[in-house]
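Close look at the chain arrangement
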Amino acid sequence: MTFEAFITTFFISLRHGSIVALATLGIVLIYRTSKATNFAQGMIGTFNAYVAGYLMIHHGASIWVATLVALITAFITGVIIDKLFIRPASKSSAVGKQIMTLGIILILVGIMNMNFGLIGRVTNTNNRVTRFIPTTQTVSIFGQNIPWDTVFVTVLAMVLMGAIFWFIQKTRWGLGVRVTASNEPVARLMGVPTRTITMLSWSVAAMLGTIAGIALASTQGGITVGLLIGVQISAFFAAVLGGFQTFHGPVIMAYVLGFTLRMSRYIMMTVFAQSSVLADALIYTLVLVVLYFMPYGIFGKAPVRKV
Amino acid sequence: MTKKLKKALTFFDHHVSCISRRVHRVLSSIPQLQFVLFGLAMVIVGYIVYTGSSPGNINVLAIIMIYSMVALGLNLLLGYGGLISLSTAPVMGLAAHGMRILVVGEQFGQVNYFLAIVIVLVLSVFMGLLIGLLSLKMEGIYLAIATLFFGYIIAELAGAFELFSYGQSARMGAITFFGDTSLSWIHDIWTLYLIVVATVTLVVIGLYNILKSPTGRAFMAISRSQHAALAMGISVRRYRFLAFVISTVVAAIGGILYVTFRQRTGAFDSRWNLELSLILLAIVVVGGLKSFFGMFLGAMIIIGIPEFYFERIEAFIINRGWFGESFRMLGFSDVFAGLMIVLAILFYPRGAIMIFYTLKAKLIALKQRKAGRDVSIDVE
Amino acid sequence: MYFGGLKAVDDLSFTIEKNQIVGLIGPNGAGKTTVFNCVTQFYKNYEGRVLYSTEDGEALDLRTIDVTKIVRLGIARTFQNLELIPDATVIDNVLIGAAQDVKTNLFDHLVRTPRTRQQNRELRERAIEILEFLNIALLKDMYVLGLPYGVKKKVEIARALIANPKLMILDEPAAGLNEQETQELETLIRKIRDDYGITVLLIEHDMRFVMNLCDIVCAINFGKLLAVDKPAAIQKNPLVQEAYLGKED
């Protein structure tokens, strides 16, 4: 592998890692505040990315406007899901909530499949989902032309996540989030507005997923129902590897994983001349083996069971 | 109400309750008989459908039977062991593709149909062992996610190899049983349907036996009173392992039945995907935990209703032109299944089968109020 | 035995003789349940030894035994927070305790061989016998979910009894029971000892119950042994009085 190829792959990997990290943070945020494993994270992002895609393809909106609208719909989606589904089910078990998010996946997939004229042929090559910044504009790093778009997505993701971490660690509301995460009933009794916090975490998670969805769609040029499935799987891998108990662990692992996946794909294709799918399967199998020996993740601890 | 009518009603009521009591007595002495009766009923229903105006619906019936059986296997995990598996559909797909590879024999040479079944079942046990291995170390969400990964890796790998037709659906063709007895989907669909019903009935009886045995009790113990299980010498890990193996084998049997009936393997991205795993889960959740009839009810609701009715609704809506030409009901069946899951968890956490118990309790209450007695009612 | 930096049980040593009823008492947080968990090997990382005399009279260090094998040695226990299967019948819950006696394998269960049926019948009979002994045989086909607390406690005891134990460990058997039920339990535990020849070790907060029932009482506080003695002597022991009532100045 040449140094040039390494630099290019490095930045593509960084971009992909950022996308995965955004989705992962959403999953962990929801898990910590509502004790639900959100399997629908990817699908919620895809759903709202669809809205952006629709505006871009059918109404010629710029990606900025489309993203803004999609973020608003994402916020609303989060509120609706929390109010209608998760809050009423707060008494059911963790498994129940988990299955509920699976139900939400089916509902969202169904709505997208219904083709209410919402989106015609989304993969139409003439009307593409554009990049944030045209790929013609590049910046030279180590002698390689890296698109500004890649830099933008990476920086945006990092700034967003940095802001969220700052918010959680330093502000009063952030304290509320942490308290809710550690013990919801007690937090509620102490006057922390846990309902609002849970609702906001669903909304924020939905928005993070949406940004991830749009960023991924802009590289592919189109949106399909399965847009974020790969990202979602990687995000879960990252969350499990990092351990659900911390906020930083999963995000770090998301970068590691996103990076490893891209790199291994590149190596698999150039060095071994094999399908990139094999690289994915190989890395995922490897992660499963790691998980077998570290079942609660690299940063997580096994919970203490009381007899 | 006239006196005569009242008298007739009491007479009728008396005889119905007499018969039902007698049936009840026989069924409670040999509970397995209820599944045989159910199988016979499905044969009759199937025959009516097959000779009726839309014989194609027999496909839907067969699929519902297969999915109910697989859901019962999944129930062993979810309802008894308290574990989620999201790798059911890929396992089914792998079994279906495996059957085709062995029976068609492009790569490894042809194998007799029955030998192929044995090989695929042995391989599925091996696969169950792999998933079970993960369950030895992980718990809760970590385990659920691990099964998701496992299914994903299977689907990815199948898509990478020519052996599995790159994960696409492929034709298996007519099945040769003994010598020149061959069954094709086009001509012998009725016989194939009978095979499906018979196999499902047998597997369900087997599962019922397991669930009512000490093994079934151990499954319940490991999810509901783990510490008591340990103290009484029930190894939580061993039974969790076992639950995964059994449910994987049942899923594989489902895949074999599917490919035997449809004689096509089905594609990993359009049939054996996460969506089907979710739909099977929906059947378990909606149908209610722990019983085959619950599973059948769930499958009827989740698959039957969309298949039987949504086509008509779709045609109706397209004719009216409400949502434009491109409107498809395809999505609606997913929304329906999703809503059913959500509603079941919110209102009927123990499944739709409980609706019958609620109705029964209401009926008894009504009867007793009519009789003017004020007796408290026991639901069970 | 440590939890994090906390010493839950510290340098505790006592012996239980055969056919005794021994009570373990102490204020809340004294480490009583932790002692039980160490004995039944739920916790393994303790220091010291738990010795158990086997049938051959050998002293066996229980640490070498897996938690699921403890019941085979004849040690069965109940739990402070009821550990029952709510959506199974009483008899099914009791039969959980007979898990070690299940000699049939999965294949037998799958096809319901005559061997399985025979065994199921035998186990059921034994379960019913025990339920009759505990006066709850009438409830055998009821679901545990809606049963009164006192019955649930008895089901726990029945589950331990069906395992044919030599030593039965009861974690707060009388907690939550009313006066009459407590008295019934007292006779019951005595009968368990006399009829089945079972040694009983129990934790209880109800002092009258303990003092009436037990042959030997062992008092602990903050994981440390205060006294092991006959009930009457324990009542007079100044250390025990101090632990319960506080120091008089």
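Residues numbered from 1 in each chain as written. Chains lettered and ligands numbered in written order. Predicted model: local features only at pLDDT ≥ 70, side-chain atom pairs only at ≥ 80, totals over all residues. Heavy atoms only, no water.

Details of empty space enclosed by the protein
Under the convention used in this document: Here a cavity means grid points, on a 1 Å grid over the protein atoms only, where a 1.4 Å probe fits yet cannot get out; a pocket means an open set of points with protein on both sides within 12 Å along at least five of seven lines; lining residues are those with an atom within 4 Å of a point. Grid points are joined across faces, edges and corners, and a volume is the space filled by probe spheres set on the points. Secondary structure elements are defined from DSSP: runs of H or I of at least 4 residues count as helices, runs of E of at least 2 residues count as strands, and each element is numbered from the N terminus. Any residue that is not Ala, Val, Leu, Ile, Met, Phe, Trp, Tyr, Cys, Pro, Asp, Glu, Lys or Arg is counted as polar, Gly included; the first ten are nonpolar and the last four charged.
Per the counting criterion, the structure on display carries five cavities of 30 Å³ or more. When its volume is computed, the largest cavity comes out at roughly 60 Å³. Together, C:Thr78, C:Phe79, C:Leu82, C:Lys153, C:Glu156, C:Ile157, C:Leu170, C:Asp171, C:Glu172 and C:Pro173 line the largest cavity. Secondary structure elements with two or more residues in the lining of the largest cavity: α5 (149-161) and β7 (167-171) of chain C. Of the residues forming the lining of the largest cavity, the biggest block, three residues, is contributed by α5(C). Split by residue class, the lining of the largest cavity holds five nonpolar, one polar and four charged. Computed from the structure, the second largest cavity encloses a volume of approximately 50 Å³. Lining the second largest cavity we find B:Ser85, B:Ser87, B:Thr88, B:Val91, B:Ile131, B:Phe244, B:Ser247, B:Thr248 and B:Ala251. Elements that contribute at least two residues to the lining of the second largest cavity include exactly α4 (88-104) and α10 (236-262) of chain B.

Observations concerning the packing of helix α5 (residues 148-170) of chain A against helix α8 (residues 194-220) of chain A
Residues and elements named next belong to chain A. Operational definition: Here, axes are lines fitted to C-alpha atoms. For helices the fit covers the stretch in contact, and angles between N-to-C directions go from 0 to 180 degrees. By definition in this entry, angles of less than 35 degrees are roughly parallel, angles greater than 145 are roughly antiparallel, angles of 65 to 115 are roughly perpendicular, and the rest are oblique. Any two residues whose heavy atoms approach within 4.5 Å are treated as being in contact.
The N-to-C vectors of α5 and α8 enclose an angle of 170°; their axes lie 11 Å apart at closest approach. Taken together, the axes of α5 and α8 are roughly antiparallel relative to one another. Only Val204, Leu208, Ile211 and Ala215 of α8 make contact with α5, whose side of the interface consists of Val153, Leu156, Leu160 and Ile164.

Thoughts on the interface of chain B and chain C
To keep it simple, the criterion reads: When two components associate, each loses some accessible surface as probed by a 1.4 Å sphere; the sum of these losses over both components is called the buried area. By salt bridge we mean one thing: a side-chain nitrogen of Lys or Arg within 4 Å of a carboxyl oxygen of Asp or Glu. As used in this structure description, the phrase polar contact means that two N or O atoms lie within 3.5 Å; if the pair is within protein, one of them must be able to donate a hydrogen and the other to accept it, and residues adjacent in sequence are counted only when both atoms belong to side chains.
In this assembly, 26 residues from chain B lie in contact with 30 residues from chain C. Of the roughly 2400 Å² buried at the junction of chain B and chain C (both faces included), carbon and sulfur atoms supply 68%. Taken together, the links from chain B to chain C amount to two salt bridges. When the shortest N-O distance is used, the salt bridge between B:Arg224 and C:Asp87 registers 2.7 Å. Taken together, the connections running from chain B to chain C amount to six residue pairs in polar contact (both at pLDDT 80 or more). Of all the secondary-structure elements, those providing two or more residues to the side of chain B that touches chain C are α7 (189-211), α8 (214-224), α9 (226-231) and α10 of chain B. Per element, the largest residue contribution to the side of chain B that touches chain C is seven residues, and it comes from α8(B). Here the residues of the side of chain B that touches chain C sort into 12 nonpolar, 10 polar and four charged.

Quick look at the pairing of strand β10 (residues 224-229) of chain C
Our working definition: Two strands pair if DSSP finds at least two bridges between them.
Sheet topology places strand β9 (residues 216-221) of chain C next to β10(C); five bridges connect them, and they run antiparallel. Counterpart to C:Val217 in the pairing with β10(C) is C:Asp229.

As for unusual backbone geometry
Notably, B:Gln263 is not glycine yet its phi reads approximately 60°, a positive angle. One can find B:Gln263 in the loop between α10 and α11 (274-287). The residue C:Asn164 is not glycine, and still its phi comes out positive at about 55°. Structurally, C:Asn164 can be placed in the loop between α5 and β7.

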